[in-house]
Structure formats: C-alpha cells, structure tokens
Amino acid sequence: MKYGPLLFLGILLTLASSWVGLVLAPYKQLGGLLPNPATNAVGVVSYFPEARKGEAQQGAEHYRSLGCVYCHSQQVRPAGFGGDIDRGWGRRRSVSRDYVHDRPVMLGTSRTGPDLTNIGERQSDYGWHYTHLYNPQITSKGSVMPPYPFLFEKRRIGPGGVSTNALKLVGEFAPGDGWEVVPTPAARQLVEYLRSLKSSYDLPEAPLPKAAGDAVTATAVQ
Amino acid sequence: MSPIGILLLFGAMAVPVVALACLRWAAKNGQLQNGDRGALLPFDLEEPLDKATDQILNRKSAKS
Amino acid sequence: MPGELADEGQRRAMLAEIDSSCRAPVLFFVISGLAWLLLGTLLALVTSIKLHSPGFLAGWDFLTFGRVRPAHLNAVIYGFASQTGIAVTIWLMCRLCRVPLISGGLIILAAIFWNVGLTIGLIGILAGDSTAIEWLELPGYSTPILFFSYALVAVWSIITFRLRRESHLYVSQWYLLGAILWFPWLYATAQIMLILEPVRGTVQAAINWWFAHNVLGLWFTPIGLAAIYYFIPKVIGRPIHSYYLSVLGFWSLALFYNWNGLHHLIGGPMPAWMITVSVVASVMMLIPVITVAINHHFTMVGHFGKLRYSPTLRFVVVGALCYTATSLQGVANSLRSYSEIVHFTHHTIAHAHLGLYGFFTMVMFGSLYYIIPRISGREWPSLGLISIHFWGCFLGLVLYVVPLSYGGILQGLAMNDATVPFMKVVEGTLPWLKLRTFAGLLMALGHVAFVGNLVWLLARVFGPYRKPVVAILSGTETPAIAGK
C-alpha cells in the first residue's frame, strides 16, 4: 500500500463512526434527561433526583478532590447481576437519570470499598462517619480505607470543656488528656455529601420494589 | 424509529459498503500489488535482509 | 534497493544522517519520559503499599491514596508512556520515510511544553484539583499546554510523512499515522465535552470510556504494534510472516477497536444498546488480535535463538506475547457473565498492567535498546544492567499480573455472594496486594538499572568519560550472529 490519502481517509472515517455512535448518540439520547416530577400526598410537586445544595455540594468537591472514587463506586447493578442489591447497596438499580445533577459523574470502577450510591440511607449518623473518616480502623477494624486525619483538628480542650462536636475516641485512638479532635468544615461538608447519597426515590424507568421498602437496614450491609 | 436512529442505521450499513468500495478502488489502482516489497521496507544497506542485528549480549564472547 | 538516491555512498551517508539528526530531539523525549517513569514508579509503590497498609504516609492530604493513585497513572501514561512513544514514533517515522529529522528545535520545544504542562497538571492533582475522571484527571488548566505540544508533534509527523522519499508504506507507518491522527481527536473530544464544557449526566461516563479505552487502543496500541512490526524483522533479519495479514490486522483494528469502550459500563446505568454494541465490537477484536498474533509469533518461528543475545528482541517479543494475552483477556472481560465477576475488582488493574506494562512498556524498552546506540553512536556500557533490567521487569510483571488476576476473580466471586461479609472480601485481597508491592519493587529495580545504564551511556557522549563513536551500523563493533 502506498497511497497516503487512502490511509488518512480510512483512519478518520473509522474513528468518526464510533464518535457518532458512542459520543454523539449518547449525547442525543441522554444529554437532555431531566429530573422526574413526583407529587406527594398533599399535592406538592418535587423533582427527583433532587439537586444537591450548600454543604452537600461542597462535600462532593472534597469527594472528587480526595479521590474516593478510586475505591468506591456509585452505581447499583440490576437485581440478579452481581450481589449489589442483595448486599443492600441500593433498593433498585441505578439509571442514567439518577446522575443528571452530578459534575463530574463518579460512577467508579473499583469496589475496594462498598458502593456508596445509597450510603445516606444506610448510614446517616454523623458520629459514625466522622469517626470512620478520622480513622476507619476504629469503626471497621482491618479496613484498607485510608484515615483522613487532615480533615480533623486536634486541639486543646478549651475552658468551656469538650466541644459538642468532638469525636468520641477511646483507647489507643484517644488524642490524650486535655486534647480533643473536632471535624473541620471540609469533614462536615464531606459527611453532608455522603448523607445526601440516596437512591430511595421512584423513577418511572426504575421503580422501587414494592414492600421491600424497609428491608434495607444498616445491618444488612456487611 | 427516530430520525437519528434511521440515520444511524443507514450510516452503519454504509460503512461496509464504503469499505468494500475502497478496497475495490485500492485493488484497481495497484495498491495491493507488490506487497512483498512493502515487507522489505525495514531493511536497508547497513542493516540488510538476512543480517541479524542487535546481538549485543554476545559482545564478550565475540571479542574474546 | 530502497531510496531514490542512486549512489551507494550517498545512500549510506543518508542513513547515518537520519540517525544522527534524531539524536537531540529523540533523546530529549526519551530522557524526560524516563524521568517520569522513575517518578511514576515511586508513586506506584506508595499507592501499592497504601492499599494493604492504609496508615502509610496518611497524614498529608497531598499523599492520600486518592491523589497518589491518579498522580501515578498520569505520570506513567502522559509522562513516560506517551513521551517514550513519541520518541519511538519520531525515529521510526524518519527511518521509514527515509528522511532526516526536520526542525528538531520544534520537537524539543514540543517536549518542553509537554513536560511543563504535565508538571503543572500533576502538582494540580496532588493539590486536589484532580477532575476524578479516570485517565483524564489532569486539571483543565494544564491540558491545553499538553495539547499544544501534541499538535506540534502531529504537524511535524504529517510533514515528515509528506516529505518521505520512499513511496511504499510499511505496516508500522500505517499504525503510527493512525495513532497520530486518532489521539488529538480523542483528546479534544474528551477535554471539551468533559472538562471545559461538561455534558450532563451519564453522557460523561460514555465519553469517559470511549476516550479511556481508545487511548489504549488507538494511541498506545498502534505505536506498540508499529514498533513490534519494525523491530522483530529488523533484529532477526527476516521480513514479517505475512504482509497481507498485516493489512487485515490494521483495518480490523481500526474498525472495531474504537467501538469497544462502553463495555467498561456493563451493568451500569446506561441504555442497553450502548453496552451491547461495545460488547459485540469487543468480541470482533478477536480478528485483529489473532491476525497480529499469527503474524508476530510466526515471524519468530525458527529465530528463538536470537532472543539470547538481543535485548531488543527479548523485550519486544515479551511485549508481543503480552499483547496477545491482554487482548484475549480483554475480550473475556467484556463478556457480561465474566464482567459480572471481575468488574470493580483488582482483576481490572492486573489487566491494565498486562496491557500497558507487559505489552507497551516492554516494547518501548526493547525499542530504546535498539534506537539509543544508533542515535548516540555509543554502545550500552553494561550488559549486566541490561540483564537486571530485563529480569526485574519480566519477573515483576509475571508476579504482578498472574496473582492479581487470580486474586481479582476470587474477590469478585466473594463480592457477588452477599452472604460473605464485606470485610472478609477486603481481607481476602490482602495477600495479593502485598505480593503486588513486591512485584512492583522488582520492576522498580529494573527501571533503576535501565536508567543507570542510560546515564552511563550518555556520560560517554557528553562527559569527561567520552568514548569514541562506534560504527554500530556497519557492524564493526557489534558483530552480528550470522543468519540463523
């Protein structure tokens, strides 16, 4: 083969095909998805998924910046495909509409840690999250999740006594007499974000399973 | 089917047709002839066919 | 035989000029690539240790796992692999087009920009500006610099291609031209639609994996295959097994590979057709993979003895074998039933390393063993260091990929069984992760040996240890083992 232009053309056309198929077509099909309106018992219309606001949205930035996505996915595979639903990672499969507010969309490709699509429903306790982020070994001995001590401030207990938001640390993890560990704003935002991660709403294309509503509890998640 | 779907479908069908046309054109123009010539392009005067190169790990024994 | 210069003396002089014209630009890319390799290896070791000993270096945000890991990836992908790939591309282009390198200053400028852009980007990642989009973590303020640099290289390549003195094209040139034209398209699409003007929702995921898979398949793979197609025949002194198969291999790769990406989203929140299309295309990849495998491996038949003495051949042949292996593994991974198990596990990580390390990096190492003596006019000073390099990388690779692939399958099976507590799944991965750190140390040893050898060689060019130029091409200093 010696004809350069033929080669050029072939090279460009082949990639053009998948550019149309895997970039343009998804853009056309999914780029315009909107939240779904739902009317509650008293006739108030709200839209799902809800947009994240304030601290939760700032928390998403920390989640991105600290690279939680390299160990945690945020996508629940359909029932019968993998153990996602059985593990209690979500009540229903995730669908495209669930992500219309996310920038970036952090589906994740690794489950070194559990899926977090529904962590807000599974675990909403601030104290647990703070302790876990401060050092996962306290709540989950043997975890490979990194500790995030830099999201906390270790300081002397002030004249007013131990702060209300100080972590309850005991034994080897205790900060020492006269000291306390309190979450920084970043830690608080991150936990607000985690608490906002819920896929507990109905969507027409992915309805919640009936009656299974309350079957998902923190204990089912192991 | 949406217009885009139809477009995609026809686009998909057009790909093999275009590919075949290119192939026919290439064959007619002699692009596919003399392929063995192409296979010899890595070789040159200094590193010709049938000469193994880069046998450097043999350097010691070759010197002695 | 080749070239349009009539006189044999002129033709020999031209060959020498091609190599010497490549010296500064190619070396610049190689040296910066290897510097990133060392940094990338260090980041890799830190990442790997953190994954079984999470307390390691955990006190600083810029060294947290979620930042060091993307820093590692971007250092080795854009720092090492891309720059070394560009170096090899430049040299192969000059040689196959039979023209001396034009405007070397432009290439060096491109390399400087590339390194500046990447340094800014990597600092950005460690400082928390990562985009968290896999393979595209470099923050938006650094990538335009990389793109500009890349554009210089691409324009240079196309001009060189136009100036070629040999009208026939060799297989390697198709692949190189493919890589050069595909990459900017992929990169620009991803940058614009994901980072500068992000699209909404899961369209991002589709574009992310269209890009990330294609950057392997349409950027690294073609450069690696181009090098294999050049160096195996070159070292053994025999042409490729079947030139016609290589045509089929190239065009089937071009047709099918770019449709593969969305198999990374199997089970994910995407319309079924997108994933199905990618699964089908992934299975079709059997065609290019098998044709290329036949071509590479059959060319070697009868020449295995030459592996003993040629470092280039050793690395390149290992790379070619890994290409076959990783591609077949890739086809398996793209099947729904298998993906159901291994998706989200360390199996994927092992697969990625079989491709980028086993295949691409090994082929690049092999190519550099061939190229550097020819452009610098100096032999490799230490054969011992070459052996350490080869065996360190090879054993490291095997110990990395095989156990972690297996461990990943176990991890996936355990994770899909909801009766196994999650912490048990985590525990089960620890032995494999520790073994991986050990494998990484072996690879690191190999890299240090290689860089040491190169520094030593360069000292002979520039330093007070200057050695006379050896005539590698005419074979006086490097006696070839005759014909068999």
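See above for the structure.
Only a predicted model underlies this, so the values are computations on that prediction, with no experimental measurement involved.

What counts, and where the lines are drawn
- Throughout, residues of each chain are indexed from 1 in the direction in which the sequence is written.
- Just so you know, chain letters begin at A and ligand numbers begin at 1, following the order they were written in.
- Restriction of local features to residues with pLDDT of at least 70 applies here, the model being predicted, together with a cutoff of 80 or more for giving and counting side-chain atom pairs; totals for whole chains, interfaces and linings are based on all residues.
- Computation of side-chain values: all heavy atoms of the structure, hydrogens and water removed.
- Salt-bridge detection follows one rule: a side-chain nitrogen of Lys or Arg within 4 Å of a carboxyl oxygen of Asp or Glu.
- Accessible area is worked out with a 1.4 Å probe on protein chains only. A residue is then buried under 20% of its type maximum, exposed over 50%, and partly exposed in between.
- Disulfides are defined in this document as cysteine sulfur pairs within 2.5 Å.
- Fitted lines through C-alpha atoms give the axes, limited to the stretch in contact for helices. The angle between two N-to-C directions lies from 0 to 180 degrees.
- Numbered from the N terminus, helices here are DSSP runs of H or I no shorter than four residues, and strands are runs of E no shorter than two.
- Here the angle decides the label: under 35 degrees means roughly parallel, over 145 means roughly antiparallel, 65 to 115 means roughly perpendicular, and every other value means oblique.
- Two helices crossing with the near one rotated counterclockwise from the far one by less than a right angle form a left-handed crossing, whereas a clockwise rotation gives a right-handed crossing.
- Contacts are assigned to residue pairs with any non-hydrogen atoms lying within 4.5 Å of each other.
- When residues are grouped by polarity, Ala, Val, Leu, Ile, Met, Phe, Trp, Tyr, Cys and Pro land in nonpolar, Asp, Glu, Lys and Arg in charged, and all others, Gly among them, in polar.
- To qualify as a nonpolar core, a set must consist of buried Ala, Val, Leu, Ile, Met, Phe, Trp, Tyr and Cys residues joined through side-chain atoms within 4.5 Å.
- Take the accessible area each of two parts loses on contact, using a 1.4 Å probe, and add the two losses: that sum is the buried area.
- Like charges within 9 Å and nonpolar side chains (Val, Leu, Ile, Met, Phe, Trp, Tyr) within 5 Å are joined into patches, using only residues over 30% in relative accessible area that form no salt bridge.
- Areas reported as accessible are Shrake-Rupley estimates using a 1.4 Å probe. Residue values count occlusion only from the protein chains shown.

Student: Got a sec to walk through the pattern of salt bridges? Specific residues and values, please.
Tutor: Pairing between side chains of opposite charge can happen when their charged atoms approach one another. Evaluation of the coordinates by the stated rule reveals 21 salt bridges over all chains. Of the charged contacts in the structure, one is a salt bridge between A:Arg77 and A:Asp84, with a shortest N-O distance of 3.4 Å. Note on accessibility: A:Arg77 and A:Asp84 belong to one class, buried. Here A:Asp115 and A:Arg111 are joined by a salt bridge, their closest N and O atoms 3.4 Å apart. We note that A:Asp115, like A:Arg111, is buried. One continuous salt-bridge network, built from bridges that share partners, spans B:Asp44, B:Glu47, C:Asp19, C:Arg95, C:Lys234 and C:Arg374.

Student: Give a detailed account of the state of the cysteines, specifying residues and quantitative values.
Tutor: Simply put, the disulfide is a covalent bond whose two ends are the sulfur atoms of two cysteines. Considering all chains together, one arrives at zero disulfides over all chains under this definition. Distance from the sulfur of A:Cys71, which forms no disulfide, to the nearest cysteine sulfur (A:Cys68) is 8.6 Å. Since its relative accessible area comes to 13%, A:Cys71 is described here as buried. The thiol of C:Cys22 is not disulfide-bonded; the next cysteine sulfur, from C:Cys94, is found 3.9 Å away.

Student: How would you sum up the packing of helix α5 (residues 143-162) of chain C against helix α6 (residues 171-196) of chain C? Please name residues and give values.
Tutor: Residue and element names in this part refer to chain C. Where α5 contacts α6, the axes come no closer than 10 Å and their chain directions differ by 155°. Overall, the two elements α5 and α6 adopt an arrangement that is roughly antiparallel. For the element pair α5 and α6, the recorded crossing hand is left-handed. Across the interface between the two elements, Thr 143, Leu 146, Phe 147, Tyr 150, Ala 154, Ser 157, Ile 158 and Phe 161 of α5 pack against Leu 177, Ala 179, Ile 180, Leu 181, Phe 183, Pro 184, Tyr 187, Ala 188 and Gln 191 of α6. Split into classes, the residues belonging to the contact of α5 with α6 amount to 14 nonpolar, three polar and no charged.

Student: Tell me what's going on with the nonpolar core, and back it up with residues and numbers.
Tutor: Residue and element names in this part refer to chain C. Counting residues in each nonpolar core, the largest one holds 202 residues, and the members touching the most others are Trp 91 and Phe 211. Among the elements that make up this core, the one with the highest residue count is helix α7 (residues 203-236) (23 residues). Those residues in contact with Phe 211 that sit more than four places away from it in its chain are Tyr 78, Trp 135, Leu 136, Leu 186, Tyr 187 and Ala 190.

Student: Now, about the interface of chain A and chain C: what can you tell me, with residues and values included?
Tutor: Contacts between the two partners involve 78 residues from chain A and, on the opposite side, 88 residues from chain C. Between chain A and chain C, the buried area comes to about 6,900 Å², and carbon and sulfur atoms account for 67% of it. Our enumeration of links across chain A and chain C arrives at zero salt bridges. Listed by contribution, the elements that provide at least two residues to the side of chain A that touches chain C are α1 (4-30) and α2 (54-65) of chain A.

Student: Tell me what's going on with the interface of chain B and chain C, and back it up with residues and numbers.
Tutor: With 27 residues of chain B at the interface, the matching set in chain C holds 48 residues. In total, about 3,800 Å² of surface goes out of reach between chain B and chain C, with carbon and sulfur atoms giving 59% of it. Considering only the side of chain B, the residues that lose the most area to chain C are B:Leu45, B:Gln55 and B:Leu57, jointly responsible for 19% of the buried surface there. Our count for the contact surface shared by chain B and chain C stands at six salt bridges. One salt bridge connects B:Glu47 with C:Lys234, and the closest N-O pair in it is separated by 2.8 Å.

Student: Which residues make up a nonpolar patch on the surface, and what are the values?
Tutor: Residue and element names in this part refer to chain C. Taken together, the side chains of Val 283, Leu 286, Ile 290, Ile 294, Phe 298, Val 301, Phe 304, Leu 328 and Leu 335 define a hydrophobic patch exposed on the protein surface, amounting to about 730 Å² of accessible area. Top element by residues in the nonpolar patch is helix α10 (residues 286-300). It accounts for four residues. Relative to the helices and strands, Val 283 resides in helix α9 (residues 272-284). A relative accessible area of 32% means that Val 283 is categorised as partly exposed.

Student: Provide a residue-level description of the packing of helix α4 (residues 104-129) of chain C against α5(C), including the pertinent values.
Tutor: Residues and elements named next belong to chain C. Where α4 contacts α5, the axes come no closer than 7 Å and their chain directions differ by 155°. Relative to α5, α4 is oriented roughly antiparallel. Between α4 and α5 lies a crossing whose hand is left-handed. Across the interface between the two elements, Leu 106, Ile 107, Leu 109, Ala 110, Phe 113, Trp 114, Gly 117, Leu 118 and Ile 120 of α4 pack against Ile 145, Leu 146, Phe 148, Ser 149, Tyr 150, Leu 152, Val 153 and Trp 156 of α5.

Fair warning: the whole summary comes from geometry, so function is off the table for now.
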